[in-house]
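# Understanding the architecture of this molecule
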Amino acid sequence: MSARPQATALASIGLLLPRTATRRGGVYFLTRAANGALALAHVWAVGHALGSEQAGHFFMLWTSAWLLSVAVRFGSDGVVARALAEADAARRPPASLGGVLIVGLAVAALLFWPLTSLVGAPDSPAALAALAVLAVAWAGTGFFASVLKARARADLAGWVQNVVWSLPPTLVALLASPLAIDSLLGLAAATAAAALLALLAAAAITARSLGANLALLLVDPRRERVAVRRDEIGAAVLTTLAEVYVWLPVLIGAVVGVSGAAAAGLFAATRIAGVFSWGYQAVVATLVPSLAASVARCDPRRARRLIAQGALGGLIVTLPICLVGAVAAGPILAVFSSDYAPWRTTLMLLIAARLLDAAAGPQGELILVGRKTWVGATALASSCAIGTATALLTHSLLGEQAIGLGAFAAFAFANVSQMLYVRRWVGNWRLAVESSRSGSGVASATGDPTTGDPAMEARATGAAAHRALRRAPELAAALALGFLTASVARPPRDAGGVLLCAAMVLLLVGSSLLLAARCFGLRDALLSPLGVAALMVALVFALRPAALALAPSDAAYPLLWLGFDFAELGRTAALGTLAFFGFGVAFAGSWLALRERGGAAGGGGGGGEGARGALSRPANDAATGPPLSERRLVGALGGALAVGTALWAILFFRNGGFAALLDDPSRLHLNQFGGGHYVFGFALCLGATLVAVQAWRERPTPRRLLLVGTASAVALAASVALQTRGQLLATGVAALALVASRGTITRSRALPLALAGVLLLAGFAWMRSVRELAQTLPLREAVAQSLHGNPLLDATRDFVEFDHLVVLEQLVPSELRRLGGRSLAQAPLAFLPRRLYPEKPLPIDFELARATMGTSARAGTPFTLAGELYWNFGWPAACTLLVAVGALGGAGWGLLRRRHGRRPELVRAIAFGYSYLLLTRPLGAMLLTTGLAVAAAWIVVTAAERGVRPKTLWRMRSSPRA
């Protein structure tokens, strides 16, 4: 791996960059070369001193320390350059970054335990102390390098970041054998001491070159500080995700559970791949100050020119060495250890990913300094989730080579998505600048004309008390996340600890809803799957654990049979909450990114100033079209109710009719397999109810209200006859969403809606109690006894998914083998009729029921979507896949909100109402149920718009749309 091809290529781009920048970039490149040589020597020395197994554990500790140091810096890499550029443009001293660093320390403290647990770092007190010292020392060294880079001293920044940082640990590893350091703890302690010496050297270099005054100004807590607001938090998230993105192969290896020796080979491949981005990083290091200056001075043309120069220069310096590295990947790994040979393909894929990075140009750097940090964070988070999901889904076919494929997929998605966004953003920014030249305003980097008056910004921010109040949700969420993370590692041992854990779950749910309301508006946040997910987490992972802590004997039968303790309750509640919190964050991030890309109108409401709106703000829905005529509406609803009733009545009488309803109601619910075409009749009745509600809301006449009542009564009768509550509850929630999605919701209207929601929950919990009691008692006695139970226990028995998830954790993988993706692969089979495919597998919750209650079990034991993913892949992969599902769901919801009309409005309402079932029941069966609901509502509304007569309902003639 000679540095000559890159050095020659770097010299050839002197025409692209100024001479001084080229010289400093060349020095930076040489320091990167030195860093690469030191890295390779470090990998070899550690493996030689500790052996492959212990070296793998040491490298996991190293990775944890590096990621924590990034958290401590809290985005200062981008914030420093931006703060100095803005101060220079305003001709004032730079603001202090002390507050940013303090917040970074707090965040790193919260992430300390979960990160070390994830990567499998040693958990002894000495190792953890060394890890903490390494994280703080490396964060300080990186901060000084950021200051030098922001002052256009890429050469000195390279010395600090690439040589001063890596030389002491490498010397320690090389001297480990002569000094008889042959244990992991001894090497970790010596490395921590060397890192402190490197920190002192970095501080001395910065003070000598820039003056001690600048460094003191940037960390002085007594001066005016850079406020830790939305964009600063986004910068921290973005830079942290950038490091996760770089070290993604190692993290994927931890998720799939590679052995210690294999982890050492994977770490070596990841570290070696970094060598091939030396030249590109030298180019970027020289461009960052210029990019920050172009943003501060509102010069989009220069920003676009710098991106093009960076992409071209990156290709020139990266392509030759990447071609050499791809050909010689195997021999390169063999230099360090013959055990690393299986990672040859992974190294080739990682080298190709580095080439993609170079070809894209400094897109991420412009996003960071241009106050678009959350867009970049969303792109990187989505790419990490996609890469991890790719590796997990292909691991059974490709083995450990799937790790490299997943990392390449992540790099490709991140670069393509950022490139498309930056191209559009810079174009809009340029148009805003050109249009503002005719007026008195100044176009900001966001593309919005602003006055640039600091006083206006101060007044907009509000008083200090108001700012503190606005930060309360973030602080509450951080507190709850820290407590729940600690509960995973050290679960509560008594009922009080479980109750406290449940309280923290509720705190996290409440603060998350407030943050979502700040982004989308309170109405839009509540009437989205985010609101349903928050409600589900509060009910399943807060109220149900609290009820079990107070009354352990009320647990579901499988859990009582196996037995449990309070630690299992607390740990499961914390794990489930954290998993679905990741789902919610990814959902909100995708939705927000799509809304910002399409503008407020594209977001379908809740954008711009509407992000702070309350329930009184009208939704931004377009007109649904010409009003439905009464004759067409009556014909369509009547036909749908008649056909639907005929279908579900056939199934009702086939399963026992009124005799079963009076003697054994559960039989009606459990004997529906093979009757999907009859169940569609139930869906038709529910769809007719939703269309009736929509029509009444458009034109609230007595006749349409009568149609709503008639359709609701038929749907309720079908629910009782089939003993199926889920679809009826989901349709009721969808109907409430239709009513609440338009107009002004005053207090007089909000109270009935809230009361209707409470009655729905209470009514369905009561129906469940009656159905269970009726299995052993006559129906009349079952109804009477259900009215004399404990309200808390009766209300929470409908959320036994938590009980079943505790059971699943006890049995998997010790008693039950992991599914390895089987239930996900079988999900599409749910759409095949059982008459055509008699061997169609039952929903996956039946498998757990028969494992705990015998083969005679007639009902499933659902355990939430997180539980299904856990059974397939384990908790780390389940959390990652939930993030991916959330990102896809948020993107789909954002696209759906862009569509207007009766059909998209119905689909949105159904997606909202059925979200609870999708999150708590087996995935395949609930996808089928939701699909049937959408199809039925679509048929009914199409019939109502196109004027189908009741006598010819089956002859839908083609006519222009209403």
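Here's what I pulled together on the structure shown here. Everything quoted here is computed from the prediction, not taken from an experiment. (Residues numbered from 1 in each chain as written. Predicted model: local features only at pLDDT ≥ 70, side-chain atom pairs only at ≥ 80, totals over all residues. Heavy atoms only, no water.)

### Quick notes on the overall build of the chain
A count of helices and strands for the chain gives 42 helices and 2 strands. Considering the chain as a whole, with its 962 residues, one finds that 54% of them fall into the buried category. In the chain, the share of contacts with a sequence separation of at least 24, taken over all contacts with a separation of at least 6, comes to 80%. Per element, the accessible surface of the chain, about 39,400 Å² overall, is 66% carbon and sulfur. (Helix = DSSP H or I, 4+ residues; strand = E, 2+ residues; numbered from the N terminus. Buried < 20%, exposed > 50% of the residue type's maximum accessible area, 1.4 Å probe, protein only. Contact = heavy atoms within 4.5 Å. Areas by Shrake-Rupley, 256 points an atom, 1.4 Å probe, with all protein chains shown as cover.)

### Focus: the pattern of salt bridges
All told, the structure shown has 13 salt bridges when counted by the stated rule. Between Arg-902 and Glu-698 there is a salt bridge, with its nearest N and O atoms 3.0 Å apart. Separated by 204 residues along the polypeptide, Arg-902 in helix H41 (residues 902-920) and Glu-698 in helix H30 (residues 676-698) bring together distant segments of the chain. With relative accessibility at 24%, the residue Glu-698 sits in the partly exposed group. A salt bridge links Glu-945 to Arg-902; its shortest N-O distance comes to 3.1 Å. Of this pair, Glu-945 sits in helix H42 (residues 923-946) while Arg-902 sits in helix H41, placing them 43 residues apart in sequence. Given the relative accessible area of 5%, Glu-945 is considered buried. (Salt bridge = Lys/Arg side-chain N within 4 Å of Asp/Glu carboxyl O.)

### Concerning the packing of helix H22 (residues 495-520) against helix H24 (residues 529-550)
The geometry of H22 relative to H24 is characterised by a closest axis approach of 8 Å and an angle of 170° between their N-to-C directions. Comparing the axis directions of H22 and H24 gives the class roughly antiparallel. Mapping the contact onto sequence places Ala-495, Val-498, Leu-499, Ala-502, Val-505, Leu-506, Val-509, Leu-513, Ala-516 and Phe-520 in H22 and Leu-530, Gly-531, Ala-534, Val-537, Ala-538, Phe-541, Ala-542, Pro-545, Ala-546, Ala-549 and Leu-550 in H24. When grouped by side-chain class, the residues that make up the contact of H22 with H24 number 20 nonpolar, 1 polar and no charged. (Axes fitted to C-alpha atoms, helices over the stretch in contact; angles between N-to-C directions. Parallel < 35°, antiparallel > 145°, perpendicular 65-115°, else oblique. Nonpolar A, V, L, I, M, F, W, Y, C, P; charged D, E, K, R; others polar.)

### Some points on the packing of aromatic side chains
Under the definition given, this model contains 10 aromatic pairs. When the ring of Phe-583 is compared with that of Phe-587, the centres are 6.1 Å apart and the planes differ by 40°; the resulting orientation is tilted. Placement of both Phe-583 and Phe-587 in helix H26 (residues 566-602) is noted, with a separation of 4 residues, approximately one turn of the helix. You'll find Phe-583 and Phe-587 in the same group, each marked buried. Three or more aromatic residues joined by ring pairs make a cluster, and in this case those are Phe-520, Phe-583, Phe-587, Trp-591 and Trp-893. A cation over a ring is seen here: Arg-818 above Tyr-870, with NZ or CZ 5.2 Å from the ring centre. (Phe/Tyr/Trp six-rings, centres within 6.5 Å; stacked < 30°, edge-to-face > 60°. Lys NZ or Arg CZ within 6 Å of the ring centre and 35° of its normal.)

### A short note on the environment of Ala-944
For Ala-944, the location among the structural elements is in helix H42. The exposure class assigned to Ala-944 is buried, which follows from its relative accessible area of 1%. The spacing of Ala-944 and Ala-692 is 252 residues in sequence and 10.0 Å in space, taken between C-alpha atoms. Contact partners of Ala-944, with chain neighbours within four places excluded, come to Leu-628, Arg-632, Leu-633 and Ala-636.

### Brief notes about helix H15 (residues 329-336)
Buried within H15 are the following residues: Ala-329, Gly-330, Ile-332, Leu-333 and Phe-336. With its buried residues spanning 165° around the axis, H15 presents them on a single face. Opposite its buried face, H15 presents the exposed residues Pro-331 and Val-335, each directed more than 90 degrees away. (Arc of directions from axis to C-beta.)

### Comments concerning the nonpolar core
By size, the foremost hydrophobic cluster in this structure holds 111 residues, and its most contacted members are Phe-58 and Leu-366. Ranked by the residues each element gives to this core, the list is headed by helix H2 (residues 19-73), at 22 residues. Taken together, domain 1 (26-228) and domain 2 (246-433) each give at least three residues to this core, which thus spans both. Excluding residues that lie within four positions of it along the chain, Leu-366 makes contacts with Leu-291, Val-295, Ala-303, Ile-307, Val-422, Trp-425 and Val-426. Counting 74 residues, the second largest nonpolar core, distinct from the first, contains Ala-477, Leu-539, Leu-569 and Tyr-916. (Core = buried A, V, L, I, M, F, W, Y, C linked by side-chain atoms within 4.5 Å. Domains from an automatic or database assignment.)

### Comments concerning the environment of Val-335
Looking at where Val-335 falls in the secondary structure, it is placed in helix H15. Here the alpha-carbon distance between Val-335 and Leu-40, two residues 295 residues apart in the chain, equals 9.8 Å.

### A closer look at the environment of Val-540
Structurally, Val-540 can be placed in helix H24. A residue is classified by how much of its surface remains accessible, and Val-540, at 0% relative accessible area, is buried. In this view, Val-540 contacts Pro-545, Phe-799, Glu-801, Phe-802, Thr-864 and Tyr-916; residues no more than four positions away in its chain are not counted.

### Here we look at the packing of helix H40 (residues 875-897) against H41
Interhelical geometry of H40 versus H41 gives an angle of 150° and a closest axis separation of 10 Å. One way to sum up the angle between H40 and H41 is to call them roughly antiparallel. Seen from above, H40 lies across H41 with left-handed handedness. Side by side, H40 and H41 meet where Trp-893, Leu-896 and Arg-897 of the first sit next to Pro-904, Val-907, Arg-908, Ala-911 and Phe-912 of the second. In terms of residue class, the contact of H40 with H41 is built from 6 nonpolar, no polar and 2 charged. (Left-handed = near helix turned anticlockwise from the far one by under 90°.)

### Concerning unusual backbone geometry
At the junction of Val-812 and Pro-813, the peptide bond is cis and its omega measures out at 5° in the coordinates. Relative to the elements of secondary structure, Pro-813 occurs in the loop between helix H36 (801-811) and helix H37 (822-825). Here the phi dihedral of Thr-864 falls at roughly 70°; this positive angle occurs in a residue that is not glycine. Among the structural elements, Thr-864 can be located in helix H39 (residues 864-873).

### Quick look at a nonpolar patch on the surface
A surface patch of nonpolar side chains, amounting to about 550 Å² of accessible area, comprises Trp-44, Leu-167, Leu-171, Leu-174, Leu-175 and Leu-179. In terms of residue count, helix H7 (residues 167-174) provides more of the nonpolar patch than any other element does, 3 residues in total. Here Leu-167 falls in the partly exposed class, since its relative accessible area comes to 33%. (Patch = residues over 30% accessible without salt bridge, like charges linked within 9 Å, V, L, I, M, F, W, Y side chains within 5 Å.)

### Re the side chain of His-804
Mapped onto the secondary structure, His-804 falls in helix H36. Contact partners of His-804, with chain neighbours within four places excluded, come to Ala-556, Leu-848, Thr-861, Pro-862 and Phe-863.

### Quick word on the side chain of Gln-727
If you trace the backbone, Gln-727 turns up in helix H32 (residues 726-740). With a relative accessible area of 15%, Gln-727 lands in the buried category. Not counting chain neighbours up to four residues away, the residues in contact with Gln-727 comprise Val-679, Phe-682, Leu-686, Tyr-914, Leu-917 and Thr-929.

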